[in-house]
Amino acid sequence: MTTYPPAQQAFSLSAPVRLWEDGFALDPYGYYDALRAQGPVGWAELAPGVPAYVVTERRAALELLHDTDTFSHDPRPWEATVADDSPVLGMMRWRPNSLFADGAAHLRYRTTLIDTFDGIEPHDLRARVHRAVHVLVSRFGPQGEADLVGEFARPLMALVFNSLFGLPDSQSDRLDAALGRMMEGGAEAAQGEAEFGGYVMELIAAKTEQRGDDLPSRLLDHPAGLTPEEVTWQVFLTLGAGHEPTANLVSNALSRILGNPLYYSTLTSGSRPVMDAVVEVLHHETPLANYGIHYARRAVTFHGAWIRAAVPVVISYGALAHFAEQELTDGRHRQDASHLSWSAGPHACPVKQHTLLIATEAIERLTQWLPDLRPVLPRERLSWRPGPFHRSLTSLPVRFNPRSPDQPGDPS
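A short tour of the structure in this document, coming up. Model, not experiment: these values are computed from the prediction.

**Structural notes on the nonpolar core**
Next up, step 1: If you look at the biggest cluster of nonpolar residues, it comprises 105 residues, and the most contacted ones within it are Phe 140, Leu 148 and Phe 152.
Next up, step 2: The element contributing the most residues to this core is helix H12 (residues 228–258), with 13 residues.
Next up, step 3: Contacts of Leu 148, omitting those with residues within four sequence positions, involve Phe 140, Ala 153, Leu 254, Leu 258, Leu 366, Leu 373, Leu 396 and Val 398.
Next up, step 4: Core analysis: the second largest hydrophobic core is formed by 21 residues, Val 41, Phe 71, Val 313 and Leu 340 among them.

**Points about the packing of aromatic side chains**
Next up, step 1: Within the structure shown, the criterion is met by ten aromatic pairs.
Next up, step 2: For the ring pair Phe 24 and Tyr 31, a centre distance of 5.5 Å and an interplane angle of 80° mean the geometry is edge-to-face.
Next up, step 3: Assessed through its relative accessible area of 2%, Phe 24 is described here as buried.
Next up, step 4: You can call Tyr 31 buried: its relative accessible area is 17%.
Next up, step 5: Their ring planes at 65° and their centres at 6.3 Å tell us that Tyr 29 and Tyr 32 sit as a pair that is edge-to-face.

**Points about the pattern of salt bridges**
Next up, step 1: All told, the structure shown has 18 salt bridges when counted by the stated rule.
Next up, step 2: Salt-bridge contacts for Glu 244 lead to Arg 154; the nearest nitrogen and oxygen are separated by 2.8 Å. Separated by 90 residues along the polypeptide, Glu 244 in helix H12 and Arg 154 in helix H8 (residues 149–164) bring together distant segments of the chain.
Next up, step 3: A salt bridge links Glu 280 to Arg 256; its shortest N-O distance comes to 3.1 Å. On the criterion of sequence distance, the pair formed by Glu 280 in helix H14 (residues 274–284) and Arg 256 in helix H12 is long-range, its members being 24 residues apart.
Next up, step 4: Looking at Glu 280, the relative accessible area reads 23%, which means it is partly exposed.
Next up, step 5: Here the salt bridges share partners, and the residues they tie into one network are Arg 256, Glu 280, Glu 285, Arg 379 and Arg 391.

**So, unusual backbone geometry**
Next up, step 1: Backbone geometry places His 303, a non-glycine residue, at a positive phi of 50°.
Next up, step 2: Summarising the element assignment, His 303 is placed in the loop between strand S7 (300–302) and strand S8 (305–307).
Next up, step 3: Residue His 303 is classed as partly exposed on the basis of its relative accessible area, which comes to 22%.

**Observations regarding the sheet that holds strand S4 (residues 71–72)**
Next up, step 1: Taken together, the six strands give an open sheet; going across it, the order is S1-S2-S3-S9-S6-S4, and neighbouring strands pair in mixed fashion. Two strands close off the open sheet at either side, each with one partner strand: strand S1 (17–18) and S4.
Next up, step 2: In the sheet, S1 pairs with strand S2 (residues 41–47) via two bridges, with the strands oriented parallel. Paired with Val 17 across the two strands is Ala 44, which belongs to S2.

**Structural notes on the packing of H8 against helix H16 (residues 352–369)**
Next up, step 1: Put simply, H8 and H16 touch, their axes get as near as 12 Å, and they point 125° apart. Accordingly, the angle class assigned to the pair H8 and H16 is oblique. For H8 against H16, the interelement crossing comes out right-handed. Across from Phe 152, Leu 156, Met 157, Val 160 and Phe 161 in H8, the residues of H16 making contact are Ile 358, Ala 362 and Leu 366.
Next up, step 2: Split by residue class, the contact of H8 with H16 holds eight nonpolar, no polar and no charged.

Analysis parameters
Residues numbered from 1 in each chain as written. Predicted model: local features only at pLDDT ≥ 70, side-chain atom pairs only at ≥ 80, totals over all residues. Heavy atoms only, no water. Core = buried A, V, L, I, M, F, W, Y, C linked by side-chain atoms within 4.5 Å. Buried < 20%, exposed > 50% of the residue type's maximum accessible area, 1.4 Å probe, protein only. Helix = DSSP H or I, 4+ residues; strand = E, 2+ residues; numbered from the N terminus. Contact = heavy atoms within 4.5 Å. Phe/Tyr/Trp six-rings, centres within 6.5 Å; stacked < 30°, edge-to-face > 60°. Salt bridge = Lys/Arg side-chain N within 4 Å of Asp/Glu carboxyl O. Pairing = 2+ DSSP bridges. Axes fitted to C-alpha atoms, helices over the stretch in contact; angles between N-to-C directions. Parallel < 35°, antiparallel > 145°, perpendicular 65-115°, else oblique. Left-handed = near helix turned anticlockwise from the far one by under 90°. Nonpolar A, V, L, I, M, F, W, Y, C, P; charged D, E, K, R; others polar.

What follows is the structure, given as C-alpha cells:
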C-alpha cells in the first residue's frame, strides 16, 4: 500500500459500470469484463448515484480480505454521504453485529455466533430440512408441476430458519417476502428492510420474555453478555445471511443439474454426490455475487487504483468465478483452484458446514421424492432477479409425474 500527500491525490475514474441495471441481472459477465478492463479494481455504481470500487482479481481480493490495518468493515463514514432513501442501505447500513465490526468487537460477536451454531447437531439440522421438504412436496407434489424457486428453495429456507430461530411455519412467508425485497435493492428495498427489522425485533422481544430451545435464546444467554439490542442485530445478520444466499445456492444448483440430463441421472442414481453440484455453483455461479464490503481507513493506492476513504470496496465473487472459468476454458492452469464464495480472512463465513448440509440435504431429499424432474425451459431462457449483490433466479419451473410424499415406498 502507498499513501500520498494531498497534492498528489488526483485520480481519474472511468465511467462507472452500473450493476443496478436490469441488464446486469440478465447477463452479468459483460459487466464483469467491463470492470476487469479497468484493472484488478474497477469503478461501478451499486445504485444510481452510489459509487463503489469493485475487486475482480483473485490476488487483490485475498489481499483486501486479510488487510485489517488498511480496510475496515464499518460503513458509518460512508453512510454519512448517502441519501436516507438509498435502495442499498438495507444491505450496507451499519448495525452492531459481526459483519460490520472490526477487531475485538468483531471477535466478540463472531464467537457468540460460532458457539451458538456449534450447538446444532447435524442430525437435528438434517431432520429439520427433511421435514421442510416433506411440507413443501406435500403442497405441490400432487400437481405434477412446480416453481423450484418460489415453491421450494425460498420457502424451504424460511421453514428451516424459522424452526431454528423458534418461530412457527406460519411466519415463513413473511420472512421470505421481506428478505427478497431488501436483497434486490430496488424501489421496495426500504420496505423490505423495515418489514424484516420488525420481524426480528418481535422475535427477540418474545425470546427476552420467555426463552426456548432456539438460537436467539442461546444468544441471549451466551457468556459474552450480549444486550437484547446486540442479539437483535446478530439475528438480523444470521437470518438474512442464512436464508437468501442458501436459497439461491439451492436453486442455482438445481438449475444446473436439471439443465444437464446426464448430470442429473448420475445424481439420482447415486453414482455422483449432490455435493459436487453444490460446489460447482460455489465455483462458477456463486449466489452472493458482489459483497464482502470494505472501506479504506484512509486514501490509498491498491493494485493500481486510487481508493478514497468512505467509498465502498466490494469483492466481486461473481467476477472471480467468471475469470477463473475463463482460464479453465482457455486451457490456462490456475495456481489455486479453490473458490472464495465463503470469503476469506477474519470475516470468512463461520457456518459454512451448516449451509452445505442444508443445501445438499434439500436437493437430495427433493430428488428422492421426485426423481423425474424435468425443466420447462432451457437454462438460457431462465430469468434472474435484479440487484447488484446476488445471483438469484426469478423462477425455475419444472414438471414431473404427480406424486404424494405419503405414498408407500418413499424415503423416510
